[in-house]
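# Working through the structure, step by step
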Amino acid sequence: MSRPRSVIDILDLSTDELDALMRVAEDIIAYPDKYAEVCHGKKLATLFFEPSTRTRMSFEAAMYELGGHVISMTDGASSSASKGESVSDTAKIVSCYADIIAMRHPKEGAALVAAQSATVPVVNAGDGGHCHPTQTLADLLTIYREKGGFSNLTVGLCGDLKFGRTVHSLVGALSRYEGIKFILISPEELRLPDYVKNDVLDRGGIQYAETSSLDDAIGSLDVLYMTRVQRERFFNEEDYLRLKDSYILTPDKLRGAKSDMAILHPLPRVNEISVAVDDDPRACYFRQAANGKYMRMALIMMLLGLGA
Ligand code: CP
């Protein structure tokens, strides 16, 4: 049986499609009224088996702003998953009630399993430490709007690059653009996984360097992508406590940065960016969260065949 198109990995979208989604998102920002009824009569199901603020709420806001409806599961414990229902069966059932599903799950690969059973499109809203493609859509639109494009940028990725699913997806997407360079800034224990380095960076001939020093790297960066050290991904508390404050971006640290460096963070943040940085014009992370809603609007439209 043929299945509808789903987005599990950012690489499921071509570069042309990413560019088209950004163009639609820009048009939505400029002319929101044009899109207010595009999803009239359609329903989005948000299935979140892991906590979320931005991703779930921006998906839901996106569908409402397109004139559609939302049905929501905000906690696996309140669903029949708690009685042992499989992801596969859940996806089949929810396909009877909704036209599109956005799903977050703590297990890597869960969104793919859902997509293989669902009869409506499934969007991966984060699967464990693996991928988070719609965060990458938000990141791309933010970089595009802040820097005017992607070519020849030097992008610093800082913090938990091992479990950071947003980093894995962003590396995949940016690697398609000409002249991109990455500086991978992390403690030894939280380095980018070999499968990302080998399959994406080495195979694509992308330039990158690894360092544990944010101070050494910061002056060369056009974009600094900070990430949280994620307590929920660690197997023991001791390692988390040792590594959690490895990097804290402060106004003092920014003295060595370019005057137009864009600071991104998928959020939530804990300690890794001081609130004193928030008023710096280079701090883009709240604009980045807003951009996520517009890119999710464009993606919903595309997957429902409604004009994006
Ligand atoms: N960036 C992100 O995925 O945030 P939430 O966990 O709040 O959805």
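Please refer to the structure placed before this passage.
Worth saying up front: this structure is predicted, and the values here are computed from it rather than measured.

## Here's the deal with the pairing of strand β8 (residues 223-226)
Going residue by residue along β8, you find Val-223 and Tyr-225 tucked away on one face and Leu-224 and Met-226 tucked away on the opposite face as well. Strand direction decides the pairing type here: β8 and strand β9 (residues 262-264), joined by three bridges, are parallel. In the sheet register, Tyr-225 faces β9, and the bridge partner there is Leu-264.

## Overview of empty space enclosed by the protein
The final tally for this structure, using the stated rule, is two cavities of 30 Å³ or more. As for the largest cavity, its lining consists of Arg-54, Gln-135, Ala-138, His-265, Pro-266, Leu-267, Tyr-285, Gln-288, Ala-289, Gly-292 and Arg-296. Here the residues of the lining of the largest cavity are counted per class, giving five nonpolar, four polar and two charged. Domain assignment of the residues forming the lining of the largest cavity places at least three in each of domain 1 (10-132 + 292-304) and domain 2 (133-289). The computed volume of the second largest cavity comes to approximately 40 Å³.

## Structural notes on the site of the ligand
The ligand sits among Ser-52, Thr-53, Arg-54, Thr-55, Arg-104, His-132, Gln-135, Pro-266 and Leu-267. Contact between the ligand and Leu-267: a nitrogen atom at 2.9 Å from a main-chain N or O atom of the residue. Taking 250 Å² as the accessible area of the ligand by itself, protein coverage stands at 91%. Structurally, the ligand is housed in the largest pocket. Here the shell around the ligand spans two domains, and each of domain 1 (10-132 + 292-304) and domain 2 (133-289) adds at least three residues to it.

## Some details on a nonpolar patch on the surface
Taken together, the side chains of Ile-71, Ile-93 and Tyr-97 make up a nonpolar region of the molecular surface, amounting to roughly 260 Å² of accessible area. Relative to the assigned elements, Ile-93 resides in helix α3 (residues 87-95). Taking relative accessible area as the criterion, Ile-93 reaches 37% and is therefore assigned partly exposed.

## Some details on the layout of surface pockets
The gaps of empty space that remain are located by a probe, the size of a water molecule, rolled over the atoms. The space that makes up the largest pocket amounts to roughly 410 Å³. If you trace the largest pocket, you find 22 residues lining it, with Arg-104, Arg-165, Arg-228, Leu-267 and Pro-268 closest to the centre. Of all the secondary structure elements, the ones that give two or more residues to the lining of the largest pocket are α2 (54-65) and α6 (165-174). Of the residues belonging to the lining of the largest pocket, the class tally is four nonpolar, ten polar and eight charged. Both domain 1 (10-132 + 292-304) and domain 2 (133-289) contribute no fewer than three residues apiece to the lining of the largest pocket. Volume-wise, the second largest pocket comes out at about 220 Å³.

## Some details on the packing of aromatic side chains
According to the stated counting rule, one finds three aromatic pairs in the structure shown. When the centroid spacing of 6.1 Å and the interplanar angle of 35 degrees are considered together, the rings of Tyr-144 and Phe-150 count as tilted. Ring plane angle 40 degrees and centroid distance 4.5 Å describe the contact between Phe-150 and Tyr-177, whose orientation is recorded as tilted. Residue Phe-150 is found in the loop between α5 (133-147) and β5 (154-158), and its partner Tyr-177 is found in the loop between α6 and β6 (181-185); the two are separated by 27 residues along the sequence. Residue class for Tyr-177 comes out buried when judged on its relative accessible area of 10%. Three or more aromatic residues joined by ring pairs make a cluster, and in this case those are Tyr-144, Phe-150 and Tyr-177.

Reading guide: rules and limits
All residue numbers refer to position in the chain's written sequence, counted from 1. With pLDDT at 70 or above as the cut-off, local features in this predicted model cover only qualifying residues; side-chain atom pairs require 80 or more to be listed or tallied, and sums for whole chains, interfaces and linings still use all residues. Remark: hydrogens and water are excluded; side-chain values derive from all non-hydrogen atoms of the structure. Burial here depends on accessible area, computed with a 1.4 Å probe over protein chains only, as a share of the maximum for the residue type. Under 20% is buried, over 50% is exposed, and the range in between is partly exposed. Helix and strand assignments follow DSSP, with helices taken as H or I runs no shorter than four residues and strands as E runs no shorter than two, numbered in order from the N terminus. Two strands qualify as a pair provided DSSP detects at least 2 bridges between them. For cavity detection a 1 Å grid was placed over the protein atoms alone, and a set of points counts as a cavity when a 1.4 Å probe fits there but cannot get out; an open set counts as a pocket when protein lies on both sides within 12 Å along at least five of seven lines, with lining residues being those that have an atom within 4 Å of a point. Grid points are joined across faces, edges and corners, and a volume is the space filled by probe spheres set on the points. Each residue receives one of three labels: charged for Asp, Glu, Lys and Arg, nonpolar for Ala, Val, Leu, Ile, Met, Phe, Trp, Tyr, Cys and Pro, and polar for the others, Gly being one of them. In this entry, domain limits derive from an automatic or database-based domain assignment. Note on definitions. A residue lies near a molecule or strand when any single heavy atom of the residue is within 4 Å of it. Think of a polar contact as two N or O atoms within 3.5 Å of one another; within protein, one of them needs to be a possible hydrogen donor and the other a possible acceptor, and neighboring residues in sequence only count if both atoms come from side chains. Only the protein chains shown count as cover for residues, and the accessible areas themselves come from Shrake-Rupley with a 1.4 Å probe. Think of it this way: if more than half of a molecule's atoms are within 2 Å of a pocket's grid points, that molecule is in the pocket or cavity. Like charges within 9 Å and nonpolar side chains (Val, Leu, Ile, Met, Phe, Trp, Tyr) within 5 Å are joined into patches, using only residues over 30% in relative accessible area that form no salt bridge. The rule for a salt bridge is simple: a side-chain nitrogen of Lys or Arg has to be within 4 Å of a carboxyl oxygen of Asp or Glu. Between 30 and 60 degrees the pair is tilted, below 30 it is stacked and above 60 it is edge-to-face, where a pair is any two Phe, Tyr or Trp rings, Trp via its six-membered ring, whose centres lie within 6.5 Å.

Any functional reading would require information that these geometric values do not contain.
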